[in-house]
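Remarks on the overall topology
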Amino acid sequence: MNSARRCSALFREICVSSVGGQPARTPLPPAGSAATGTRCCHIGPGGGGVRRTGDPLKPGAAASTITAPVCPMGSSSSRLFGTMAQALSSSSLTQPDPDLDEDQDLVEVEPEQLLRECEEALRRRPARPHRDLVQPKLLAPCSHQHNPSIRVLQWNILAQALGEGKDSFIRCPLEALSWHERKYQILEEILTYRPDIVCLQEVDHYYDTFQPIMARLGYHGNFLPKPWSPCLDVEHNNGPDGCALFYRRSRFHLHSTAHLRLSAMMLPTNQVAIAQTLRCLATGRQLCVAVTHLKARSGWERLRSAQGADLLQSLQGITTPGSGAGPGPIPLVVCGDFNAEPSEDVYRRFSSSPLGLSSAYKLLSGDGQTEPAYTSWKIRPSGESCSTLDYIWYSERALRVEALLDIPTEQQIGPNRLPSYHYPSDHLALLCDISFREGPHRLL
């Protein structure tokens, strides 16, 4: 029995099933929050209103213009949570090996219906911050007739066991962290933007929630838990947390998968990465996508740097073709919570790597060289932390960024910071649309 099957067997024994019942009564948000009973309409596959970048985003900047309307959410005409229950009770739950292809035979559920169910489940919660898709002003638009863009979502979703049991968000009510509602907030975010690739960290509800639901939505998933997950120290946990990578089956074909346990100074650590080489069905070109989560906390900067160096070395081997295999290295996208500010050595390692990587979110700034002021903003007993920790790295010579999801303002985030009644994680989701650059050999 492989490790994935052993983990899934343990999950089935200890997890609390979310199948077959409605969520508990949602608590009212605190006074002064956004009005209940309305939620932002979703943005379709083409994204929301696109605007050009201006000045670099800073805490306290003015809110962006809302380009998607706000619509009232009444009762659903279909049986509430029917799509969710159908997905969670699917046969994929009993086949948890991430490399199996049984999900190819699943009857897919309608994303619009599941999105409506999420909105209905969250009708008493304030709407999440509205975010615009932004076209970097330093880049000219390009045609997508034969080279459609690829939408990539990066998100540390906050492990449920850590959020409720260890992270001590002193300004976040415990009721706001209830899995009954939080899972719908996470799914609502994913369904709103319809990414082609989803990279998640701190996933501790993979087999009982994300794998079956995402499979029914048309995604193939892969999961790699941490060897010594801190979630296991929490009573009534749902198993170890780890990294998950999903790709849309209608867009990609899987070529290979690598599960990496990151090392530092030749010693294995508790951090992991998944790297998958995919073939884009629209263009026929290959793309390597990696997801990781580096060591947290201040004082571990050297360890993070060593983990980053190990990951880069592994990715160099994966993306370098053998003799006669192709015209050059396979384009690469690396998503993750690096737990590192841009001033850290691990950031410099990635930005100066021979792989030619650049950080996508720098393009939100006016000069195209400055990271956002924050991707995580939380308040713990040790104090308030406003940090840039999350990144989407891409091969700048082979890929181009078409659009980015902007960063909510301080006003949108609110005085109690993250997580909250209106946002399910202490990290913001990052999202970008990328496309393949046309190489010289394709222009002849």
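Conventions and cut-offs
Residues numbered from 1 in each chain as written. Predicted model: local features only at pLDDT ≥ 70, side-chain atom pairs only at ≥ 80, totals over all residues. Heavy atoms only, no water. Helix = DSSP H or I, 4+ residues; strand = E, 2+ residues; numbered from the N terminus. Buried < 20%, exposed > 50% of the residue type's maximum accessible area, 1.4 Å probe, protein only. Areas by Shrake-Rupley, 256 points an atom, 1.4 Å probe, with all protein chains shown as cover. Axes fitted to C-alpha atoms, helices over the stretch in contact; angles between N-to-C directions. Parallel < 35°, antiparallel > 145°, perpendicular 65-115°, else oblique. Left-handed = near helix turned anticlockwise from the far one by under 90°. Contact = heavy atoms within 4.5 Å. Nonpolar A, V, L, I, M, F, W, Y, C, P; charged D, E, K, R; others polar. Polar contact = N/O pair within 3.5 Å; in protein donor to acceptor, adjacent residues only side chain to side chain. Salt bridge = Lys/Arg side-chain N within 4 Å of Asp/Glu carboxyl O. Core = buried A, V, L, I, M, F, W, Y, C linked by side-chain atoms within 4.5 Å. Phe/Tyr/Trp six-rings, centres within 6.5 Å; stacked < 30°, edge-to-face > 60°. pLDDT = per-residue confidence, 0-100.

Another point: the overall build of the chain. For the chain, the helix and strand inventory stands at ten helices and 18 strands. Sorting the 444 residues of the chain into buried and exposed places 57% on the buried side. Element-wise, carbon and sulfur atoms account for 52% of the exposed surface of the chain, whose accessible area totals about 18,400 Å².

Viewed as axis vectors pointing N to C, helix H3 (residues 111-121) and helix H5 (residues 179-193) meet at an angle of 140°, and their least axial separation amounts to 9 Å. Between H3 and H5, the angle falls in the class oblique. For the element pair H3 and H5, the recorded crossing hand is left-handed. In this structure, H3 contributes Pro111, Leu114, Leu115, Glu117, Cys118, Glu119 and Ala121 to the contact, and H5 contributes Tyr184, Leu187, Glu188, Leu191 and Thr192. Residue composition of the contact of H3 with H5, by class: eight nonpolar, one polar and three charged.

Let us now look at the side chain of His427. Here His427 shows up in the loop between helix H9 (410-413) and strand E18 (430-436). Looking at His427, its side chain comes within polar contact range of the side chain of Asp390, at 2.9 Å. Setting aside its immediate chain neighbours within four residues, His427 contacts Trp155, Asn156, Asp337, Thr375, Ser376, Lys378, Leu389 and Asp390.

What follows covers helix H6 (residues 206-216). Within H6, eleven of the eleven residues are buried, which leaves the element mostly enclosed by the surrounding structure. Within H6 the residues assigned to the buried category are Tyr206, Tyr207, Asp208, Thr209, Phe210, Gln211, Pro212, Ile213, Met214, Ala215 and Arg216. Phi for Gly218, located one or two positions after H6, is positive at around 100°.

Now for the pattern of salt bridges. Using the criterion set out here, one finds 21 salt bridges in the structure. Note that Glu108 and Arg249 form a salt bridge whose closest N and O atoms lie 3.4 Å from each other. Of this pair, Glu108 sits in the loop between helix H2 (82-88) and H3 while Arg249 is found in the loop between strand E8 (242-248) and strand E9 (252-264), placing the two residues 141 residues apart along the sequence. Ionic pairing is found between Glu301 and Arg304, a salt bridge with its closest N-O pair at 3.8 Å. With Glu301 and Arg304 both in helix H7 (residues 301-319) and three residues apart, the pair spans about one turn of that helix. Given a relative accessible area of 32%, Glu301 falls into the partly exposed group. Each of Arg128, Arg131, Glu188 and Glu189 takes part in one network of salt bridges that share partners.

Another point: the nonpolar core. Across soluble globular proteins, you tend to see nonpolar side chains buried next to one another. By size, the foremost hydrophobic cluster in this structure holds 76 residues, and its most contacted members are Ile197, Phe246 and Val333. With seven residues, the top contributor of residues to this core is H5. Not counting the four nearest positions on each side in its chain, Phe246 is found in contact with Asp196, Ile197, Val198, Leu200, Tyr206, Phe210, Gln211, Met214, Tyr219, His220 and Gly221. Counting 23 residues, the second-largest nonpolar core is a separate cluster that includes Ala258, Leu262, Tyr391 and Trp393.

Tallied over the full model, the rule gives 14 aromatic pairs. With 6.2 Å between their ring centres and 70° between their planes, Trp179 and Phe210 make a pair best called edge-to-face. In this pair, Trp179 is assigned in helix H5 and Phe210 in helix H6, connecting sequence segments 31 residues apart. Among the residues examined, Trp179 registers a relative accessible area of 13% and is labelled buried. Where Tyr347 meets Trp393, the ring centres are 5.1 Å apart and the plane angle is 55°; that geometry is what we call tilted.

This brings us to the environment of Pro136. Here Pro136 is to be found in the loop between strand E4 (133-135) and strand E5 (150-156). Among the residues examined, Pro136 registers a relative accessible area of 1% and is labelled buried. Considered as a pair, Pro136 and Gly366 are 230 residues apart in the sequence and their alpha carbons are 8.8 Å apart.

Quick look at the environment of Pro354 now. Mapping Pro354 onto the fold places it in the loop between helix H8 (345-351) and strand E13 (357-359). Expressed as a C-alpha distance, the spacing of Pro354 and Leu312, which sit 42 residues apart in the sequence, is 9.1 Å. If near-sequence neighbours (up to four positions away) are discounted, Pro354 is found in contact with Gln316 and Arg397.

Quick look at the confidence of the model for the chain now. When pLDDT is averaged along the chain, the result is 82, and 73% of the positions lie at 70 or above. Contacts of residues 1-38 to residues separated by more than four positions or lying in other chains number 66 contacts, the stretch itself having pLDDT below 50. Taken as a whole, residues 52-80 scores under 50 in pLDDT and shows 70 contacts with residues more than four places along the chain or in a different chain.

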